[in-house]
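Listed below, chain by chain, are the residues.
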Amino acid sequence: MGRFKTYTLGCKVNQYETEAVEEMLEKEGYVHDDSMDVDLAIINTCTVTNESDRKSRQIIRRHKRENPHCKVVVLGCYAQVSAEEVAKIEGVDLVLGTKDRAALPGYIDALFQGAEQIVHVRAHEQGEDFEHLKIKEIEDHTRAYMKVQDGCNQYCSYCIIPYARGFIRSRDMADATEEAKRLAESGFKEIVLTGIHVGSYGKDLAEDVSLIDLIEAMDRVEGIERIRLSSIEPMTITDDFLDRVAKLKSFMPHFHLSLQSGGEKTLREMNRNYSPEEYRDTVQRIRRVFPDVGLTTDVIVGFPGEGEDDFGESLDFVEEMGFSRLHVFPYSMRKNTPASKRTDQIPGPVKKERAARMIALGDRMASDFVKERIGKTYPVLFEEKKDGKNYGYTPNYIYLAVEGKEDLRNTLQYVTIEGESGGEITGRIRKEHANGLSVL
């Protein structure tokens with residue numbers, strides 16, 4: 001029927017949804033093709049920052065310039081909150097936001113039958129159901145992202161995502177478990193539970209379930225040897241949560257624990273629901289249960305009103321936490337959010353300088369985290385083979401390389417960390433651990 005190409009910007013939820021759309025179209029007879037010479041281009045957009053919007057527009061224009069006869073479909077968060085703006089971009093044939101994706105094949109058929117530009121973007125409503133976009137066949141049979149939640153009710157003062165994704169919606173636990181079983185039967189060993197605000201899982205469901213109940217259900221699925229979480233809030237990590245995940249054979253000791261700022265005033269004005277002290281307490285409790293844990297986080301610098309002292313407080317707090325990896329974002333003004341209306345915006349050069357300082361700290365912490373583990377041996381699930389090396393992750397999320405001709409993809413091997421070389425963390429296989437592998 002035609003060949004299509006996809007582009008994905010933004011988070012793991014978007015990646016999951018793009019893969020579901022690909023499978024949906026392939027069932028309709030379309031052929032997935034990574035070349036530019038296709039009949040249809042689908043751009044799944046992100047709007048978390050101004051840069052995300054810019055990249056989305058850039059991809060749309062570039063693809064239409066290089067292939068003017070191609071139909072262009074724009075999905076996702078940018079399309080949801082700025083439908084009119086997206087529709088005005090030259091060459092856009094279909095605008096579809098973050099809901100009603102099941103209708104996509106019908107709209108595409110209409111385009112190829114001569115329909116004019118279609119804009120179908122509906123506002124999210126309280127109480128709407130979780131939209132099921134299932135994936136049965138994924139090419140990379142190692143790690144699967146499973147979307148179990150959508151939407152967010154937090155309304156942080158800087159964030160546009162609740163407007164793009166709507167209110168919280170959770171996937172039925174039995175349905176999620178069935179997908180995990182299908183993934184295991186297809187050869188996947190690791191599942192990453194993902195969502196827009198995954199810690200709120202279950203709060204909208206009639207049955208009395210929460211994220212920890214879902215994790216325990218995943219742990220009981222035969223063949224799933226590793227379970228990870230996407231970003232979660234510190235207040236999700238209760239003592240009960242830690243007690244229960246510590247007993248699971250497949251839960252990996254890695255938390256992407258959302259921070260955004262280590263400054264007390266800044267956190268309060270961001271409308272985050274925790275203080276630095278509460279965050280510190282959560283980290284201490286995690287490390288008591290998982291002493292070798294990998295802790296990663298996101299930090300925003302240059303939030304409106306963030307003085308030099310506030311930034312210094314955030315910098316000191318981040319260093320105290322000793323993260324294994326840090327993602328740094330200069331504050332980006334998003335229209336109609338409370339933070340965008342403030343008059344005390346931080347100049348661009350100041351945000352750039354603060355971001356550089358925070359990134360340098362993050363690089364040093366990441367290096368220290370690895371150096372402290374040189375000589376330690378971990379089970380590694382290998383995911384990629386290239387240039388004579390196999391690449392995979394330790395349980396605490398260290399990405400390392402092992403030289404060798406053998407293709408180790410989708411196998412668990414014990415690896416001793418040797419150090420860093422050429423920008424890569426290197427290790428060697430411990431042959432004496434070839435039998436009796438454990439993921440703990």
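Scope of this entry: the structure provided in the associated data block. (Residues numbered from 1 in each chain as written. Predicted model: local features only at pLDDT ≥ 70, side-chain atom pairs only at ≥ 80, totals over all residues. Heavy atoms only, no water.)

**Looking at the overall build of the protein**
Next, step 1: Along the protein, the regular secondary structure elements total 13 helices and 19 strands.
Next, step 2: Projected onto the principal axes, the alpha-carbon positions of the protein cover approximately 65 × 55 × 50 Å.
Next, step 3: Each of the 440 residues in the protein was classed as buried or not, and the buried ones make up 56%.
Next, step 4: In the protein, the proportion of contacts linking residues at least 24 apart, taken out of those at least 6 apart, comes to 73%.
Next, step 5: For the protein, the accessible area works out to roughly 19,300 Å², and carbon and sulfur atoms hold 48% of it.
Next, step 6: Averaging the locations of the 61 positively and 76 negatively charged side chains of the protein gives two centres separated by 2 Å. (Helix = DSSP H or I, 4+ residues; strand = E, 2+ residues; numbered from the N terminus. Buried < 20%, exposed > 50% of the residue type's maximum accessible area, 1.4 Å probe, protein only. Contact = heavy atoms within 4.5 Å. Areas by Shrake-Rupley, 256 points an atom, 1.4 Å probe, with all protein chains shown as cover. Lys, Arg positive; Asp, Glu negative; His and termini not counted. Charge placed at Lys NZ, Arg CZ, Asp CG, Glu CD.)

**A look at the pattern of salt bridges**
Next, step 1: A complete count under the given rule lists 45 salt bridges for this structure.
Next, step 2: Between Glu-319 and Arg-364 there is a salt bridge whose closest N-O contact spans 2.9 Å. In this pair, Glu-319 sits in helix α12 (residues 308–321) while Arg-364 sits in helix α13 (residues 348–371), placing the two residues 45 residues apart along the sequence.
Next, step 3: Under the relative-accessibility criterion, Glu-319 is labelled partly exposed at 39%.
Next, step 4: Connected via shared salt-bridge partners are Glu-17, Arg-101, Lys-147, Asp-150, Arg-165 and Arg-169. (Salt bridge = Lys/Arg side-chain N within 4 Å of Asp/Glu carboxyl O.)

**Here we look at α13**
Next, step 1: A rise of 1.5 Å per residue sets the reference length of α13, with its 24 residues, at 34 Å; its end C-alpha atoms lie 35 Å apart and thus fit the reference within 8%.
Next, step 2: Buried residues of α13: Lys-351, Arg-354, Ala-355, Met-358, Leu-361, Gly-362, Met-365, Ser-367, Phe-369 and Val-370, and no others.
Next, step 3: For α13, the secondary structure elements touched by its buried residues are β13 (294–301), α12, β14 (325–330), β18 (412–421) and β19 (424–429). (Expected span 1.5 Å × (residues − 1).)

**Some details on unusual backbone geometry**
Next, step 1: Notably, Asn-271 is not glycine yet its phi reads approximately 65°, a positive angle.
Next, step 2: Residue classification places Asn-271 among the partly exposed residues on the basis of a relative accessible area of 41%.
Next, step 3: Phi is positive for Asn-410, close to 65°, though the residue is something other than glycine.
Next, step 4: Inspection of the secondary structure assignment puts Asn-410 in the loop between β17 (399–403) and β18.

**Section: the side chain of Arg-169**
Next, step 1: Its place among the elements puts Arg-169 in strand β9 (residues 169–170).
Next, step 2: Classification of Arg-169 by relative accessible area gives buried; the value is 4%.
Next, step 3: A polar contact is formed between the side chain of Arg-169 and the backbone oxygen of Arg-165, at a distance of 2.7 Å.
Next, step 4: In terms of polar contacts, Arg-169 uses its side chain to reach the backbone carbonyl oxygen of Phe-167, at 2.7 Å. (Polar contact = N/O pair within 3.5 Å; in protein donor to acceptor, adjacent residues only side chain to side chain.)

**Quick look at the packing of aromatic side chains**
Next, step 1: Summed over the entire model, instances satisfying the criterion amount to 13 aromatic pairs.
Next, step 2: Relative to Tyr-399, the ring of Tyr-393 has its centre 4.7 Å away and its plane inclined at 40°; by these criteria the two rings are tilted.
Next, step 3: Given a relative accessible area of 27%, Tyr-399 falls into the partly exposed group.
Next, step 4: An aromatic cluster is built from Tyr-274, Tyr-279, Phe-317 and Phe-323, whose rings are joined through pairwise contacts. (Phe/Tyr/Trp six-rings, centres within 6.5 Å; stacked < 30°, edge-to-face > 60°.)

**A look at the sheet that holds β17**
Next, step 1: The five strands are arranged β15-β16-β17-β19-β18 in a closed barrel whose pairing can be described as mixed. Neighbour-to-neighbour, the strand axes of this sheet turn through a mean angle of 50°, independent of strand direction.
Next, step 2: Bridge count for strand β15 (residues 377–386) against strand β16 (residues 389–393) is five bridges, and the pairing is antiparallel. For Lys-386, the partnering residue across the bridge sits in β16 and is Lys-389. (Pairing = 2+ DSSP bridges. Axes fitted to C-alpha atoms, helices over the stretch in contact; angles between N-to-C directions.)

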